[in-house]
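Architecture at a glance
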Amino acid sequence: MDTNTAEATPGDIRKAVIVGGTLTAWIAAARLASACRGTVRVTVLETPHRPASRVTALAPTVQRDLFDRLGISENEWMHASSASFSAAVKYVNWGGREHHFYIPQDGTPPDCEGFPLSDFWLLRRRTGRTVEPADHACFREPPLMDARKSPRWLDGRAAIAYGWHADTAMLTHFLRRKAMETCGVRMVTGELLGAHRDASGMLTALHTTRGDLTADFFLDCTGYESGLLAGLLGEPFLSAADRLLADSMMSLTVPHDSGPHGVEPYTEATALAHGWTWRRPLLGRYGAGLVYASALTTPDEAARSLRRALGLPRDPTELTHTPLRAGRTRRAWVKNCVALGAAAWSTDPLADDQRATLDLLDRLIRDLPSLGTREVPAPRFNRAAAAHYRDALDLAQLRYAASQGTDGPFWTRQRTLPLSDALHETVEAHRAGLSVTPAEAPLRALLTALTPHTASPPPALSHHPHAVRTAEDHFTRIKRQQRILLETLPPAHTYLDRLHGRIPQGDDSLAAV
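Cut-offs applied
Residues numbered from 1 in each chain as written. Predicted model: local features only at pLDDT ≥ 70, side-chain atom pairs only at ≥ 80, totals over all residues. Heavy atoms only, no water. Axes fitted to C-alpha atoms, helices over the stretch in contact; angles between N-to-C directions. Helix = DSSP H or I, 4+ residues; strand = E, 2+ residues; numbered from the N terminus. Parallel < 35°, antiparallel > 145°, perpendicular 65-115°, else oblique. Left-handed = near helix turned anticlockwise from the far one by under 90°. Contact = heavy atoms within 4.5 Å. Nonpolar A, V, L, I, M, F, W, Y, C, P; charged D, E, K, R; others polar. Pairing = 2+ DSSP bridges. pLDDT = per-residue confidence, 0-100. Core = buried A, V, L, I, M, F, W, Y, C linked by side-chain atoms within 4.5 Å. Buried < 20%, exposed > 50% of the residue type's maximum accessible area, 1.4 Å probe, protein only. Salt bridge = Lys/Arg side-chain N within 4 Å of Asp/Glu carboxyl O. Lys, Arg positive; Asp, Glu negative; His and termini not counted. Expected span 1.5 Å × (residues − 1). Phe/Tyr/Trp six-rings, centres within 6.5 Å; stacked < 30°, edge-to-face > 60°.

1. Some remarks on the packing of helix α1 (residues 23-36) against helix α2 (residues 61-70)
In a packed pair of helices, the relevant descriptors are the angle between the two axes and the axis-to-axis distance. Interaxial distance between α1 and α2 falls to 10 Å at its minimum, and their mutual angle equals 60 degrees. When the axis of α1 is compared with that of α2, the two are oblique. The handedness of the crossing between α1 and α2 comes out as left-handed. Contacts from Ile27, Ala30, Arg31 and Ser34 of α1 reach α2 at Asp65, Leu66, Arg69 and Leu70. Along the lines of polarity and charge, the residues of the contact of α1 with α2 split into 4 nonpolar, 1 polar and 3 charged.

Dropping the structure here:
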């Protein structure tokens, strides 16, 4: 981490207060304090908070966009948060009973002369030249996920793109300690009672159970309650209930013997009659949860459904019940207050991987205003936040709209909810075999996996015979790489055992990691 200190000038923001006891709050505190190098005094008002999920997912960009900038190695924070790998999302029963597919972290198929490789897979399937699933044909990862392989060799080199699962409380504690010890962040523990605003509507101080906290700028990281932006500033919440039926979730942590069973290097999302479950493995345990609609399912029914899905002998008792508030505040930046994470917007647990939070934090740091221009960056920041939300909402709704294998009132009613114009256009483009735009790529990859029977290969491929021949080389190369990686990568649990200090006596083969 660069510790050189720049000099503040009159009119600059000197003090920032971040509100929330969330992981997002401490990510924001560490990143902001580190980037400002002592010119902004950062204080966190750590309010009481119980995380909605006890195991959090982190996108592959988190190492580059957060930990590298803090001077923290991957092994250090992984060890401190009992982290494991997540190289894909495994969807079970979404495309039909006993059917599953993977969407890797790098979920865009390889490019082949301007076309995604999945277009050529559709052509092969249409002409009867393959019955292999799209994910296994177009990506290296699926056989490795089936075999529960680590995405890294034992010497620490990465073989494929991957993200992580981490214990939410442990990672929060680690970032809190780093932010305070190395970045100079101050912490005040208390509850938010109110605020003082000046004549222009700017926040000047927060009233708390520990006294007043004054600042020039404020960040709302309070999670779903949006205590500053919605609670104190009254910014309206725009619900997505007209597009997403689920409004509740429950989560828990389950002990798991990783020795005989291994550690899956992926997130698993399984469609059930009442909604869907997620499962995020760690070494020796896993975090899991259920998303459902309270209008159709009682909490007791949901708990029984989760127990059956996880194979537990009795109904779980230590469940965290959380309202799932799908939607967004109308603006994420209001006056001199910015909301991040679930305080700004939320769709479903699969979208909460800190990718958008870090992108918006980077925008905030680059456009950090002076005292006299605190509202100037707000419009384009709000457009960026709204774009992240729209992308996440479209992807969340498409999972339901394109699912094929699950019936019941929840799924039937969810499929009747209207699509956005942009999402409807993407679905029609997929059916017609039109070219894939970069913005559509995640949606089109999901559609190819969920609805291979309804998609057409691009008519334009008939004018590119050379590209068709080149694609065959791509498919052959992927198969060869899959075989090599299956032979050379260690099991995920072996790598994690050694990383987390469970190395057999005399075994130093992970010394280079």
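2. Considering the sheet that holds strand β20 (residues 320-323)
Taken in spatial order, the 7 strands line up as β6-β5-β17-β18-β19-β16-β20 in an open sheet, and their pairing is mixed. The open sheet is flanked by β6 (100-104) and β20, the only strands paired with a single partner. Taking the axes of each pair of neighbouring strands and ignoring which way they run, one obtains an average angle of 20 degrees across the sheet. Two elements, strand β18 (residues 275-282) and strand β19 (residues 285-292), share 8 bridges in a ladder whose sense is antiparallel.

3. A closer look at the packing of helix α11 (residues 355-366) against helix α12 (residues 378-401)
Contact geometry of α11 with α12 gives a least axis separation of 11 Å together with a crossing angle of 170 degrees. In terms of their interaxial angle, α11 and α12 are classed as roughly antiparallel. Here Ala356, Asp359, Leu360, Arg363 and Leu364 of α11 come into contact with α12, specifically with Phe381, Ala384, Ala385 and His388. In terms of residue class, the contact of α11 with α12 is built from 6 nonpolar, 1 polar and 2 charged.

4. Thoughts on the confidence of the model for the protein chain
Per-chain confidence: the protein chain averages 92 in pLDDT, with 95% of residues scoring 70 or above. Segment residues 2-6: pLDDT under 50, and 6 contacts once partners within four positions in sequence are set aside and those in other chains are kept. Across residues 503-513, where pLDDT falls below 50, the model places 16 contacts with residues more than four positions away in sequence or in other chains.

5. Structural notes on the nonpolar core
Ranked by internal contacts, the top residues of the largest apolar core, which has 123 residues, are Trp77, Trp94 and Leu175. Ignoring anything within four residues of it in the chain, the contact list for Leu175 reads Leu23, Trp26, Ile27, Leu66, Phe67 and Leu70.

6. Concerning the pattern of salt bridges
Applying the stated criterion across every chain yields a total of 24 salt bridges. The partner of Arg366 in a salt bridge is Asp362, with the nearest N and O atoms 2.9 Å apart. With Arg366 and Asp362 both in helix α11 and 4 residues apart, this pair spans about one turn of that helix. The exposed category is assigned to Arg366, whose relative accessible area is 53%. A relative accessible area of 18% places Asp362 in the buried class. Members of the salt-bridge network, linked through shared partners, are Arg31, Arg69, Asp362 and Arg366.

7. Observations concerning the side chain of Asp216
Looking at the element boundaries, Asp216 is found in the loop between β13 (211-214) and β14 (217-220). This buried residue, Asp216, is left without a salt bridge; Arg374 holds the nearest opposite charge, at 5.1 Å. In contact with Asp216, other than residues within four places in its own chain, are Asp12, Ile13, Arg14, Lys15, Asn336, Leu371 and Arg374.

8. Describing the sheet that holds strand β4 (residues 84-86)
Judged by pairing direction, the sheet is antiparallel, and its 3 strands sit side by side in the order β3-β9-β4 without closing on themselves. In this open sheet, the two edge strands, each paired with only one partner strand, are β3 (55-58) and β4. Strand-to-strand twist across the sheet, computed as the mean angle between neighbouring axes with direction ignored, equals 30 degrees. As paired elements, β3 and strand β9 (residues 163-167) share 4 bridges and run antiparallel to each other. The partner of Thr56 across the bridge, within β9, is Ala166.

9. Brief notes about helix α10 (residues 299-310)
Helix length check: α10 (12 residues) gives 16 Å between terminal C-alpha atoms against 16 Å at 1.5 Å per residue, within 8%. All of the buried residues in α10 are Ala302, Ala303, Ser305, Leu306, Arg307 and Leu310. For α10, the secondary structure elements touched by its buried residues are β16 (248-255), β17 (267-272), β18 and β19. Directly after α10, the chain includes Gly311, whose backbone phi takes a positive value near 70 degrees.

10. Some details on unusual backbone geometry
The backbone phi angle of Arg37 is positive, close to 50 degrees, even though this residue is not glycine. You can call Arg37 partly exposed: its relative accessible area is 36%. Positive phi, normally seen in glycine, also occurs at Ser82, with a value near 55 degrees.

11. Digging into the packing of aromatic side chains
By the definition in use, this model includes 19 aromatic pairs. Between Trp94 and Tyr400, the ring centres sit 6.1 Å apart and the planes meet at 45 degrees, which makes this aromatic pair tilted. One end of the pair, Trp94, is in the loop between β5 (88-92) and β6; the other, Tyr400, is in helix α12, and 306 residues separate them in sequence. Assigned by exposure class, Trp94 and Tyr400 land together as buried. A ring pair is formed by Phe217 and Trp333, whose centres lie 5.4 Å apart and whose planes are at 80 degrees; its orientation type is edge-to-face. Linking Phe217 in strand β14 with Trp333 in strand β22 (residues 333-334), this pair joins segments that are 116 residues apart in sequence. Since its relative accessible area comes to 1%, Phe217 is described here as buried.

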